Amino acid sequence: MAGRINDDDVKAVRDAVPIDAVVSEYLQLRNAGGGNLKGLCPFHDEKSPSFQVSPSKGLFHCFGCQEGGDTIAFVMKIDHLSFSETVERLAAKAGITLRYEEGGYNPGHQRGERIRLVEAHKAAAEYYADQLGSPEAEIGRKFLAERGFDQAAAEHFGVGYSPAGWDHLTRFLRGKGFSDKELILSGLSQDGRRGPIDRFRGRLMWPIKDVGGEIVGFGARKLRDDDNGPKYLNTPETPIYKKSQVLYGIDLAKKDIAKISRAVVVEGYTDVMACHLAGVTTAIATCGTAFGGDHIKILRRLLMDNGSARVIFTFDGDAAGQKAALRAFEDDQKFAAETYIAIAPDGMDPCELRLAKGDEAVAELVQPRTPLFEFALRQIVTRYDLETPAGRAAALDEAAPVVAKIKNIASQHEVAVQLAGMLGILDTQFVVRRVAQIARWQRQGGERGPSRQQSPRTYDTPPPAAPSGPALNLRSPAHRTERELLKLALQRPELVSPAFDAYGVDEFTAPPYAAVRQCVMDAGGATGAPSDYLDAVREAAPNDSVRALVTELAVETIFAKTVDEAYAGDQLVTVRLRAVDRRIRDVQGTLARLGANGDPERLAAVQNELWVLTQYGQSLRNNGAAAL
C-alpha cells in the first residue's frame, strides 16, 4: 500500500484545480463582487446565498453554517471521501502523477493505470446501455418490465445489455484504443483460446460505481436457460474493484444518507432500483458478498456517527436471509448507528413487494421496527424448547455470549433483561450477572463463557457503570426516550414541570442519564427554573464527565418538528410506563417465587401491588400525560 502523498504534490493539486470549477459541478455560482462568487450552500438548507467562493485565494466559506476550506476540503465533505481519495481524484483530473512517501515512490504508470481502467469501464457502460435497445436485448427489456422497470428507470440506473457474442465489447474497446492487457486487467475481458473474449455475454448489466461516482465494475444477471454461469456474475477483483469495498447505489444514495442519517441495506440490484423508485433513496446493496467491515466504514463516513442514525437491513424471510441477518449482526457493534431488520410479508424482497403492493408498501417496509440484536436473539432462542428448564438453560448458554459482545454496558444490561423475558427466566438479575461475567471473560481473552452448571451465587455483581461522557451512544429505544426527556428538562423545563420532578433516579435505566437526573434534583428541580438553572445543574455534577453530558444534552437538538406540551407529555409517559412495566416484571417474579404456599399476608401485599401497577400502566396507555 502506498504511503502518505508527497506534500509538494498535494500543493500542486491545490494549485492546479480551480476551486470555482470544482464547486460549480455541485451548485450554481453568481458574481458576489470583489472577485468572489456566491451560491446556495450545499451543506445546509438556506433560501438566500451565504456560501462564497474566492477563486483568487482558492477558498470557500459559508457565513450561515461556518463550513469552509480549500478545494480538497470541499470535495472531501460533499462527496464524503478521505483526504487521500480526494487528492487522488483531483490529481487524475489535473493529470498530475502523485508520489507517495513512507511506502516508496508510486510509479506513474500505476496512477495512469487507474485512469485507463476507469475510462474503459465508462466506455463499456455506454456501450452496454446502447445495446439495451437492440433486438437481441428484447429478453432483457422484458425482464425489466416484468419487475416494474421502464426505459426511464433503466436509463436512471445505467442498466445495459451485453451481447451474446464472444468478443463484441472487446472489439469495441480495442477500437477506442484500449490494449488487450488493459481489458484483461479491467475484468471486462478474459483470456480465450485465440485471445481476449468478453467476460459478460448475453446478460443484463448494472454499472457499479464507487462513492465518488466512478464506474469500477459491473453486475451481470443471467437471462437465458442455456447460460451455464451463475445467476449473478460480478466483475472479478481488479486494481479498481474490491467487492468488499463497494456498495451498489452508493453514488445515488450518499447525499440522502448523509442528509437524513439513514441507510437501507438490501440484497440485490433490482431491490435498490425498486426502493429508489418508491422514494427510499437511501437504499444500497452489496455486490455479491456479505455485508462486512469495509462496507460499514463507508456508511459510517456518510452517517457521521450521528447518535440518531439508523441502518435498516432488509433480508428475504427464508433461511438464507436469516443467516445473512445473523452475519450482519456479528458486525453490529462496529456501527455507532442503531441497526434494525425489516422482512417483507410472505418473504418478498423489495422488488417483489413493489410489484405486488406498490411504492407505499416499500416505504412502509423500511420503517425501523425490529432491532437487529432482538432479531438475532429470537433466531437463537426459537431453536430451543423453552417449556423445560434444560431448554431455557441451553438457550441462555448460546444467547448470553451474543449479548455480552455489546460494548456499551448500559445497553448490554437492558438487552440482558430483554433476553430474560424472551427465555421466560423470572430472575432477570441472574441473566444480567451471567452476561456481565461472560463479557468480562471475553475482554480477558476467553472464547467461552462460564458453564451454566455453576450456581448463581458464583457470579460477581457487575460493577456500577460510570457515566461515559459527551460521546455517549445509547442505542435502545428506552435510552433514546430518556435522553429526549432530559433534553426537555434542561432546555424546556416549563414543558415537563412539575411532573418531571416526581420522577425517581431509578426511572432512568442508563447510569449516565440517572446521574444527570440526580444533578437536576440536586439543583432544586425543573419546576420554576430560574435564569441560572443550567449553571446550577452543571455545578451539581459530581465530576467533569457528568458535567460534559449535561452540557451536551443542553445544546443537542430535540428531535421533534414541534416541541410542545404534547411531545413533552409523550416522553414523560413513555419513560414512566417503561419504569412501571419493569416493576411489574419484578413483582411477577416475586409472586412466582412466593408460590401458592407462601406467606398469605405477603402474598396478598404483592398481589395488591401488582394490581395497582397494572391499573396504573393501563391508565397511562389510555390517558397519556393526564394519568401522571
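Residues numbered from 1 in each chain as written. Predicted model: local features only at pLDDT ≥ 70, side-chain atom pairs only at ≥ 80, totals over all residues. Heavy atoms only, no water.

### A word on the packing of aromatic side chains
Move 1: With the rule as written, the count across this model stands at 15 aromatic pairs.
Move 2: Each residue in the set F43, F51, F60 and F74 is aromatic and connected to the rest through ring pairs, giving one cluster.
Move 3: Taking the ring centre of F43 as reference, the NZ or CZ of K77 above it sits at 5.3 Å.
Move 4: In this arrangement the basic side chain of R576 is found over the ring face of Y503, its NZ or CZ atom lying 4.1 Å from the centre. (Phe/Tyr/Trp six-rings, centres within 6.5 Å; stacked < 30°, edge-to-face > 60°. Lys NZ or Arg CZ within 6 Å of the ring centre and 35° of its normal.)

### Structural notes on the confidence of the model for the protein
Move 1: Taken residue by residue, the protein gives an average pLDDT of 84. The fraction at 70 or more is 89%.
Move 2: Low pLDDT, under 50, characterises residues 104–111; the stretch is placed with ten contacts to residues that sit more than four places away or in other chains.
Move 3: Here residues 447–474 is modelled with pLDDT under 50, and outside its nearest four sequence neighbours on either side it reaches 59 contacts, counting other chains as well. (pLDDT = per-residue confidence, 0-100. Contact = heavy atoms within 4.5 Å.)

### Observations regarding the environment of Q367
Move 1: Counting through the fold element by element, Q367 comes out in the loop between helix 15 (359–365) and strand 19 (370–371).
Move 2: With 57 residues separating them in the primary sequence, Q367 and R310 have C-alpha atoms 9.9 Å apart. (Helix = DSSP H or I, 4+ residues; strand = E, 2+ residues; numbered from the N terminus.)

### A look at the packing of helix 1 (residues 7–16) against helix 4 (residues 83–94)
Move 1: At a minimum axis separation of 9 Å, helix 1 and helix 4 run at an interaxial angle of 55°. What the angle tells us is that helix 1 and helix 4 run oblique. Judged by the twist between their axes, the crossing of helix 1 over helix 4 is left-handed. Residues V10, V13, R14 and A16 of helix 1 form the contact with helix 4, whose own contacting residues are F83, V87, L90, A91 and A94.
Move 2: Here the residues of the contact of helix 1 with helix 4 sort into eight nonpolar, no polar and one charged. (Axes fitted to C-alpha atoms, helices over the stretch in contact; angles between N-to-C directions. Parallel < 35°, antiparallel > 145°, perpendicular 65-115°, else oblique. Left-handed = near helix turned anticlockwise from the far one by under 90°. Nonpolar A, V, L, I, M, F, W, Y, C, P; charged D, E, K, R; others polar.)

### What about the sheet that holds strand 16 (residues 283–286)?
Move 1: What the six strands build is an open sheet, ordered 14-16-15-17-18-19; its pairing is mixed. Each of the sheet's edge strands pairs with one partner strand only, and the pair in question is strand 14 (247–248) and strand 19.
Move 2: Inspection of the sheet shows strand 14 paired to strand 16 by two bridges, in the antiparallel sense. Within strand 16, the residue paired with L247 across the bridge is T286.
Move 3: Where helix 11 (residues 269–277) meets the sheet, it contacts strand 14, strand 15 (262–266) and strand 16, and its direction lies at approximately 175° from that of strand 16. (Pairing = 2+ DSSP bridges.)

### Quick look at the nonpolar core
Move 1: F51, F74, I250, I257, L299 and F313 are the most contacted members of the largest nonpolar core, which totals 78 residues.
Move 2: Filtering out sequence-adjacent residues up to four positions away, L299 remains in contact with L247, I250, I257, A263, V265, F291, V311 and F335.
Move 3: In this structure, A153, A154, I208 and Y269 belong to the second largest nonpolar core, which totals 44 residues. (Core = buried A, V, L, I, M, F, W, Y, C linked by side-chain atoms within 4.5 Å. Buried < 20%, exposed > 50% of the residue type's maximum accessible area, 1.4 Å probe, protein only.)

### Section: the sheet that holds strand 4 (residues 51–54)
Move 1: Reading across the sheet, the five strands line up as 2-3-4-5-6 and stay open at both edges, with antiparallel pairing between neighbours. At either margin of the open sheet sits one strand with a lone partner, and together these are strand 2 (30–33) and strand 6 (68–70). On average, adjacent strands in this sheet sit at an angle of 25° to one another, irrespective of strand direction.
Move 2: Pairing analysis gives three bridges linking strand 2 to strand 3 (residues 36–39), with the strands arranged antiparallel. Bridge pairing in strand 3 links N31 to L37.
Move 3: Along the sheet face, helix 3 (residues 71–79) touches strand 4, strand 5 (59–62) and strand 6 and points at about 120° away from the line of strand 6.

### Observations regarding the environment of K243
Move 1: Among the secondary structure elements, K243 is positioned in the loop between strand 13 (232–234) and strand 14.
Move 2: With relative accessibility at 37%, the residue K243 sits in the partly exposed group.
Move 3: Through-space distance from the C-alpha of K243 to that of T289 is 6.9 Å; in sequence the pair is 46 residues apart.
Move 4: What K243 contacts, discounting residues up to four positions off in sequence, is E237, C287, G288, T289 and H295.

### Observations regarding helix 24 (residues 544–555)
Move 1: Compared with an ideal rise of 1.5 Å per residue, which puts twelve residues at 16 Å, helix 24 spans 17 Å between its outermost C-alpha atoms and is within 8% of the ideal.
Move 2: Buried within helix 24 we find V546, L549, V550, E552, L553 and A554.
Move 3: Backbone nitrogen of S545 and a side-chain oxygen of the N-cap are separated by 3.1 Å at the start of helix 24; the cap is N543. (Expected span 1.5 Å × (residues − 1). Polar contact = N/O pair within 3.5 Å; in protein donor to acceptor, adjacent residues only side chain to side chain.)

### Notes on unusual backbone geometry
Move 1: A cis amide bond links S497 to the next residue, P498, at an omega of -5°.
Move 2: With respect to the helices and strands, the residue P498 is situated in the loop between helix 21 (493–496) and helix 22 (511–522).
Move 3: Of note in the backbone geometry, Q66 takes a positive phi value of approximately 70° without being a glycine.
Move 4: Inspection of the secondary structure assignment puts Q66 in the loop between strand 5 and strand 6.
Move 5: Residue class for Q66 comes out exposed when judged on its relative accessible area of 52%.
Move 6: Of note, the phi angle at S261 is positive, near 55°, even though the residue is not glycine.
Move 7: Looking at the element boundaries, S261 is found in the loop between helix 10 (250–260) and strand 15.
Move 8: On the basis of relative accessibility, which here comes to 9%, the residue S261 falls in the buried class.

### Quick notes on the pattern of salt bridges
Move 1: Evaluated as defined, the whole model comprises 23 salt bridges.
Move 2: The salt bridge involving D359 is made with R354; its shortest N-O contact spans 2.9 Å.
Move 3: Of the residues examined, D359 reaches a relative accessible area of 33% and is grouped as partly exposed.
Move 4: Two residues, E374 and R378, come together in a salt bridge whose shortest N-O distance is 3.4 Å. Here the residue E374 and the residue R378 both occupy positions in helix 16 (residues 372–381), the gap between them amounting to four residues, near one helical turn. (Salt bridge = Lys/Arg side-chain N within 4 Å of Asp/Glu carboxyl O.)

### Looking at the side chain of R221
Move 1: Tracing the backbone through its elements, the reader meets R221 in strand 12 (residues 215–222).
Move 2: The contact partners of R221, leaving out residues within four places of it in the chain, are F143, R147, R203, L204, W206, K231 and Y232.

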